[in-house]
Amino acid sequence: MLEGNEDFRKKSKSYIQFQNEIYLYEKILPFFKNFLKNKETTFNPDNWIPKTYVNICLETSNVQRETILVQENLKASGFSTFEKLYLTESHFDLMIDNLAQFHSVSLALKISKNQKFTNLVKNLKPLSFEDPNGEKCVYDVLHEISTTRLFKNVLEAQNLDEKVLRDVQQLQRKVGSSPVKLFDTFREIDDFSVIVHGDFNRNNLMFKQDSNFLEMRMIDFQQVRFASPCLDLAFFMYVNIDPAERNKLWEKLLLKYHEKLLTYITEILKIEKDDFRLKPLNLENFLEHCKKKFLYGLLITVSFTPWLIAPQAETQKVGKLFQANMFDVKYREFALHVGGEKANRRMVEDVQHASRMGYFDICYE
């Protein structure tokens, strides 16, 4: 069921988010499952999500709409969330594998020129970061605060490389007074566009450890979109990989994702990896695509990681202030400092990494 009053639901985009989630469970995932029927793939789409029993949208009044989603209790089957912010390589391998499976179906359908899939995508309600009517919404609030904090902390930091400072200054010029305009560029459609989870990180995953076998289920698809797969990849890689482990894992995970993605597409379509239709998805194009889209992950992590790093009492307080009135100065002032110096240091580390990877290059275009 939706939370908050009518105004909060509108400003937080809850109506669009939750209706899209219901649409995913009611239309998109069953279509994926039917498409994969008799394809003899090495993966099972039933293992992506909990069993779903009820998924409906209701009109409760002239203005209020409710969504009802009833799913399997995964905890009863031994699944649980992972409590630590930074996950292990075993978790990442499983996350990469599941994302490659999920994303591969969209790409196989696109390659097949499946008109039903095209229509399904068209019927997803547009979830833009910038409100089409010019009204301030949740994304304006969150990302104005996070970019303000980013610019202050990085530009005031000591002993930073000149390239890092130059990149952040260019980002500041690019963002101007409206960060959401930049965010919407990450939604632009190209050869790699797929149905994405949109909020793919530790908070929305449940794991089950049985002996040496690890299982995973995805939950909470309110941010589902048709967009770059990097909206999923960059999100969890920036939020859930320990900065100390990035050099070891970053390229390894991207290469593994791409290899598995092509493997699953060829399984589904019964084609070889040198098929001409896969050329736009080759490794060179994929890595170039990531370079253009992974700045999204940085901007997301500077928005949400402070909440995750903060002591529980701080996280609860900022959450309550946000729900009470996300536009209130009390929320803004508290959010600018939540997580304290630990969050600020992590922010600088994230920016340094993105600069080394060339993810700021799009700001110069």
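A. Spotlight on the overall build of the protein chain. Within the protein chain, the secondary structure is distributed over 14 helices and 6 strands. On C-alpha atoms alone, the protein chain measures out to a radius of gyration of 20 Å, which is about the 21 Å that the 2.2 N^0.38 rule sets for 365 residues. Seen along its three principal axes, the alpha-carbon backbone of the protein chain occupies a region of about 60 × 50 × 45 Å. Within the protein chain, the proportion of its 365 residues that are buried is 53%. Residue pairs at least 24 apart in sequence account for 79% of intrachain contacts in the protein chain once pairs closer than 6 positions are excluded. Of the roughly 17,400 Å² that the protein chain leaves accessible, carbon and sulfur atoms contribute 49%. Across the protein chain, the mean location of the 50 positive side-chain charges is 2 Å away from that of the 50 negative side-chain charges.

B. Quick peek at the environment of G319. Residue placement: G319 occurs in helix 12 (residues 312-324). By relative accessible area, G319 is classed as partly exposed at 23%. Residues G319 and W307, 12 residues apart in the sequence, show an inter-C-alpha distance of 8.8 Å.

C. Inspection of the nonpolar core at higher detail. F32, W48, L171, I195, F294 and L295 are the most contacted members of the largest nonpolar core, which totals 116 residues. A total of 12 residues in this core trace back to one element, the largest contributor, which is helix 3 (residues 89-111). Aside from chain neighbours lying at most four places away, what touches W48 is L29, F32, L36, F43, N98, Q101, F102, V105, R217 and M218.

D. How the structure looks around the pattern of salt bridges. Under the counting rule described, the total for this entry stands at 19 salt bridges. For K33, the salt bridge goes to D46, with nearest N and O atoms at 3.0 Å. Here K33 is found in helix 2 (residues 14-36), whereas its partner D46 is found in the loop between helix 2 and strand 1 (52-59), with 13 residues between them in sequence. Here D46 falls in the partly exposed class, since its relative accessible area comes to 40%. One salt bridge connects E215 with R217, and the closest N-O pair in it is separated by 3.4 Å.

E. Focus on the packing of aromatic side chains. Under the defined criterion, the tally for this structure stands at 24 aromatic pairs. A ring pair is formed by F43 and Y264, whose centres lie 4.9 Å apart and whose planes are at 80 degrees; its orientation type is edge-to-face. Placement of the pair is F43 in the loop between helix 2 and strand 1 and Y264 in helix 9 (residues 246-269), with a sequence separation of 221 residues. The exposure classification of F43 matches that of Y264, with both residues buried.

F. Fine view of a nonpolar patch on the surface. On the surface, Y53, V54, I56, L58 and V70 cluster together to form a nonpolar patch covering roughly 400 Å² of accessible area. Relative to the helices and strands, Y53 is located in strand 1.

G. Broad picture of the state of the cysteines. Tallied over the full model, the rule gives 0 disulfides. As a non-bridged cysteine, C57 has C137 as the owner of its nearest cysteine sulfur, 20 Å distant. C57 gets classed as partly exposed once you look at its relative accessible area, which sits at 41%.

H. Up close: unusual backbone geometry. Despite not being glycine, K113 has its phi angle at roughly 55 degrees, a positive value. Along the polypeptide, K113 turns up in the loop between helix 3 and helix 4 (115-122). At N159, a residue that is not glycine, the phi angle is positive and equals roughly 60 degrees.

I. The side chain of N20, seen in detail. Considering the arrangement of structural elements, one finds N20 in helix 2. Of the residues examined, N20 reaches a relative accessible area of 1% and is grouped as buried. One polar contact links the side chain of N20 to the main-chain carbonyl oxygen of K125, over a distance of 2.9 Å. Not counting residues within four places of it along the chain, the set of residues in contact with N20 comprises L124, K125, L127 and V224.

J. Here's a closer look at the pairing of strand 4 (residues 205-210). Sheet analysis places strand 4 next to strand 5 (residues 213-218), joined by 6 bridges and oriented antiparallel. Residue D210 lies in a different strand from strand 5, and its bridge partner there is F213. Counting the residues between successive antiparallel strands, the hairpin from strand 4 to strand 5 contains 2 residues, one of them, S211, with a positive phi of roughly 55 degrees.

K. A look at the packing of helix 9 against helix 10 (residues 283-293). Between helix 9 and helix 10, the least distance of the axes is 11 Å, while the angle of their chain directions is 130 degrees. Here helix 9 is positioned oblique relative to helix 10, judged by the angle of their axes. Crossing of helix 9 over helix 10 shows right-handed handedness. The residues of helix 10 that touch helix 9, namely those facing L254, L255, Y257 and H258, are L283, F286 and C290. Counted by class, the contact of helix 9 with helix 10 contains 6 nonpolar, 1 polar and no charged residues.

Definitions and cut-offs
Residues numbered from 1 in each chain as written. Predicted model: local features only at pLDDT ≥ 70, side-chain atom pairs only at ≥ 80, totals over all residues. Heavy atoms only, no water. Helix = DSSP H or I, 4+ residues; strand = E, 2+ residues; numbered from the N terminus. Rg over C-alpha atoms; globule rule 2.2 N^0.38 Å. Buried < 20%, exposed > 50% of the residue type's maximum accessible area, 1.4 Å probe, protein only. Contact = heavy atoms within 4.5 Å. Areas by Shrake-Rupley, 256 points an atom, 1.4 Å probe, with all protein chains shown as cover. Lys, Arg positive; Asp, Glu negative; His and termini not counted. Charge placed at Lys NZ, Arg CZ, Asp CG, Glu CD. Core = buried A, V, L, I, M, F, W, Y, C linked by side-chain atoms within 4.5 Å. Salt bridge = Lys/Arg side-chain N within 4 Å of Asp/Glu carboxyl O. Phe/Tyr/Trp six-rings, centres within 6.5 Å; stacked < 30°, edge-to-face > 60°. Patch = residues over 30% accessible without salt bridge, like charges linked within 9 Å, V, L, I, M, F, W, Y side chains within 5 Å. Disulfide = S-S within 2.5 Å. Polar contact = N/O pair within 3.5 Å; in protein donor to acceptor, adjacent residues only side chain to side chain. Pairing = 2+ DSSP bridges. Axes fitted to C-alpha atoms, helices over the stretch in contact; angles between N-to-C directions. Parallel < 35°, antiparallel > 145°, perpendicular 65-115°, else oblique. Left-handed = near helix turned anticlockwise from the far one by under 90°. Nonpolar A, V, L, I, M, F, W, Y, C, P; charged D, E, K, R; others polar.

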